[in-house]
Structures are given as structure tokens and as C-alpha cells.
Amino acid sequence: MLHVLLSGNYDSLLAFCGIIFAFAATVFATARLSAFLPKDAGREFAHDGKLSAGKPRGAGIIFVLAFTAAGLLFAPVRAENVIYLILIVICMLTGFFDDASKTPWGEYKKGFLDLCVAAMVALTFLRYNSNVVELALFDIRFTLHPIVFALLTVVLVWTSVNVTNCSDGVDGLSGTLTLITLMTIYIIDRIKDAGQDFPFLILLFSVCILGYLWYNATPSRLLMGDAGSRAMGLFISIAILKTGCPFLYIPVALVLLLDGGLGLGKVFLLRFFKIHILKNVRTPLHDHVRKVWDWSNTQTVYRFAIIQIIVSVAVVYGIQV
């Protein structure tokens, strides 16, 4: 919006102000509004889940709205990006209403809502972008039929939302992993010269997560809840789509995918096919390493982050050469 109001070359100044605004707005709003958030009841089946009981939950509504405000104020106004912002807010609100509900929403209800949002992302992306897919690590490009591309996009978005949601169980873990993933995507955008608009949104979203982590680092004062984790997963999927290399989601979000995805796969196979896999592995994996391997919360966050950083560095180097 400010790009429209200000004439002249103020892009660098607006970018600087936007990043500072996004972080400051998140920190200030969290400090002022966290008392009004719903309280966590503790997760019965999670390792040490009861320790979170009583903490403000659903803080994702704060940093997502701060990001949305910063994006609308300081980023160039593009119809495509505005639609994405609306979808991110919708995804956040579905999570927040679940966080605030006395009776948790059912898996099928949330899954259906995720499917609707994923379909809208697919339609929006195809409206404004090409259906050419690049395998960046192999320097291979090919064109998918629009219907096939849309279906794969729905799978990507739905998966990203839900594995990120499942990875939210240790103070600072999902936020830290999301930061690493988003900054990896930002570097890929810079290598591929993908323009300025969406990479700037990546930076805005990242500093809003940092503002949230200011209060969520161990020992946390509040929790993002589904409101934050689902919005983060959605944003990751859109960001990787905008690179033109959607299959890079697998390595750049590998730890999120394994941590949250193995549990989803385990439940799916058992529920629908009566196949029981990973019988001796607790899922999400962050519960396994804390319960079975006796990692502390801090060790879990640092070690998971280190693994993702190593994979991300390898991906970036592979794209450059």
C-alpha cells in the first residue's frame, strides 16, 4: 500500500521499515494480547504434554495478523499475493477456532478445510504462474498437465500444513525449523533471480516468527497452537511453489516432513489398511527422542535444526553448481 502512496525510489527504505515493523508489531502485540488468548489444557498423549497446561495458546493469530498487516502495508500490492494472504489468514483462523474451542474439532473436519484451502492455492497459483516444473538439483524442466499440476499442488499444500502442525510439540521447534526452511527458500529465490515481491514476504513472515520465538523459546510463555503451525505450513508450501521447484519441498523441509509426516503415515496405514508400522517408534519423532533417547527440549530443537541446516546447505550448494 505504501508503494502506491509514495512516489520515487523508496523500495529499500520501505523494505527496512517493513521488516522492523513486522518484528516490533509481533513482539508488542504478543506482550499486550497474550492474556486474552485461550489457555492450553495439556496434551494427554504427548511426552510432557501436561507441562503446557495453562499457558496462552493460539498465539499464531498474533504473528500471522502482524505479518498480514506488514505485507499489505510495505509489500507491493499484487492480486496473487493478496489472495495468498487471505488464504493464510483463513487457515490461521481455522486453527485458532480449534484452539479456542472447548471441544476439539475432528480430524476430518480440519482435513476437509485444509483441502479447500489447498484447492484455492492451486487455482490461484495456476492463474498467475506457469505449470512448468523444475528439478533444480538435476537441471531438468518439464511441463505438467494443469489438472495434474493442480492435484499435486493440493497434495503438497495439505501435506505441508499437516506435517508442520504435527511438529508443533516442543518449545521453539516448529518455529525454528520453519525459519530454516523459509530462509533456504529465500536463498534459492535469490539464486534463481525469482523477483522481489514474494521473497520480501518470506522475510516478513520470518521476522514475525522470530517475534513469536522471543516468547516461545524454552521455557515458553505461550504457544502458537494450530493457528500458527497450520499457517506456517501453508506459507512454506506457497513459498516453495513460487520457486518453480516444488519437489525441493522434500529436502528443504525434510525434518518437518519426517517429524510430523511419519506419524500421519502411521495413523493412515493403521486406520484404513490395518497395517501397523514403526511399532517401536513414538510419533511425532520429537516425542520419541525425548521419551526414548532422553533428549532435553533444547537438545531436540538444536539437533533437529542442525540436521535441517546441513541438508539445506547441501541443497543450496547443489543448485549453485
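Just above, that's the structure.
(A) Spotlight on the nonpolar core. Residues Phe 63, Phe 67, Leu 234 and Phe 235 are the most contacted members of the largest nonpolar core, which totals 86 residues. Here this core gets 13 residues from one element, more than from any other, and that element is helix α8 (residues 197–216).

(B) Layout of the environment of Thr 243. Here Thr 243 lies in the loop between α9 (225–242) and α10 (249–252). Here Thr 243 falls in the buried class, since its relative accessible area comes to 6%. Distance in space between the C-alpha atoms of Thr 243 and Gly 195 is 10.0 Å, their sequence separation being 48 residues. If we skip the residues at most four places from it in the chain, Thr 243 touches Ile 185, Ile 188, Asp 189 and Lys 192. A polar side-chain atom of Thr 243 sits 3.0 Å from the main-chain amide nitrogen of Cys 245.

(C) Focus on unusual backbone geometry. Here the residue pair Thr 218 and Pro 219 is connected by a cis peptide bond, since its omega of -5° sits within 30 degrees of zero. Tracing the backbone shows Pro 219 in the loop between α8 and α9. A cis amide bond links Thr 283 to the next residue, Pro 284, at an omega of -5°. Among the structural elements, Pro 284 can be located in the loop between α11 (254–273) and α12 (285–291). For Leu 278, which is not glycine, the phi dihedral falls at a positive 50°. Residue placement: Leu 278 occurs in the loop between α11 and α12. Notably, Asp 294 is not glycine yet its phi reads approximately 60°, a positive angle. Within the secondary structure layout, Asp 294 lies in the loop between α12 and α13 (297–320). By relative accessible area, Asp 294 is classed as exposed at 64%.

(D) Fine view of a nonpolar patch on the surface. A contiguous nonpolar surface patch, about 840 Å² in accessible area, is contributed by Tyr 108, Leu 258, Leu 262, Phe 268, Phe 272, Phe 273, Ile 275, Ile 277 and Leu 278. Among the elements that take part in the nonpolar patch, α11 stands out by supplying five residues, more than any other. Relative to the assigned elements, Phe 272 resides in helix α11. The exposure class of Phe 272 is partly exposed, given its relative accessible area of 47%.

(E) Inspection of the pairing of strand β1 (residues 132–135) at higher detail. Taken together, the four bridges between β1 and strand β2 (residues 140–143) define a ladder with antiparallel strand orientation. The partner of Val 132 across the bridge, within β2, is Thr 143. Count of turn residues in the β1/β2 antiparallel hairpin: four residues, of which Asp 139 carries a positive phi of about 55°.

(F) Quick peek at the side chain of Thr 26. Tracing the sequence through the fold places Thr 26 in helix α2 (residues 11–33). On the basis of relative accessibility, which here comes to 0%, the residue Thr 26 falls in the buried class. A distance of 2.8 Å separates a polar side-chain atom of Thr 26 from the backbone oxygen of Ala 22. Not counting chain neighbours up to four residues away, the residues in contact with Thr 26 comprise Ile 62, Phe 63, Ala 66, Cys 208, Gly 211 and Tyr 212.

The rules behind the values
Residues numbered from 1 in each chain as written. Predicted model: local features only at pLDDT ≥ 70, side-chain atom pairs only at ≥ 80, totals over all residues. Heavy atoms only, no water. Core = buried A, V, L, I, M, F, W, Y, C linked by side-chain atoms within 4.5 Å. Buried < 20%, exposed > 50% of the residue type's maximum accessible area, 1.4 Å probe, protein only. Helix = DSSP H or I, 4+ residues; strand = E, 2+ residues; numbered from the N terminus. Contact = heavy atoms within 4.5 Å. Polar contact = N/O pair within 3.5 Å; in protein donor to acceptor, adjacent residues only side chain to side chain. Patch = residues over 30% accessible without salt bridge, like charges linked within 9 Å, V, L, I, M, F, W, Y side chains within 5 Å. Areas by Shrake-Rupley, 256 points an atom, 1.4 Å probe, with all protein chains shown as cover. Salt bridge = Lys/Arg side-chain N within 4 Å of Asp/Glu carboxyl O. Pairing = 2+ DSSP bridges.

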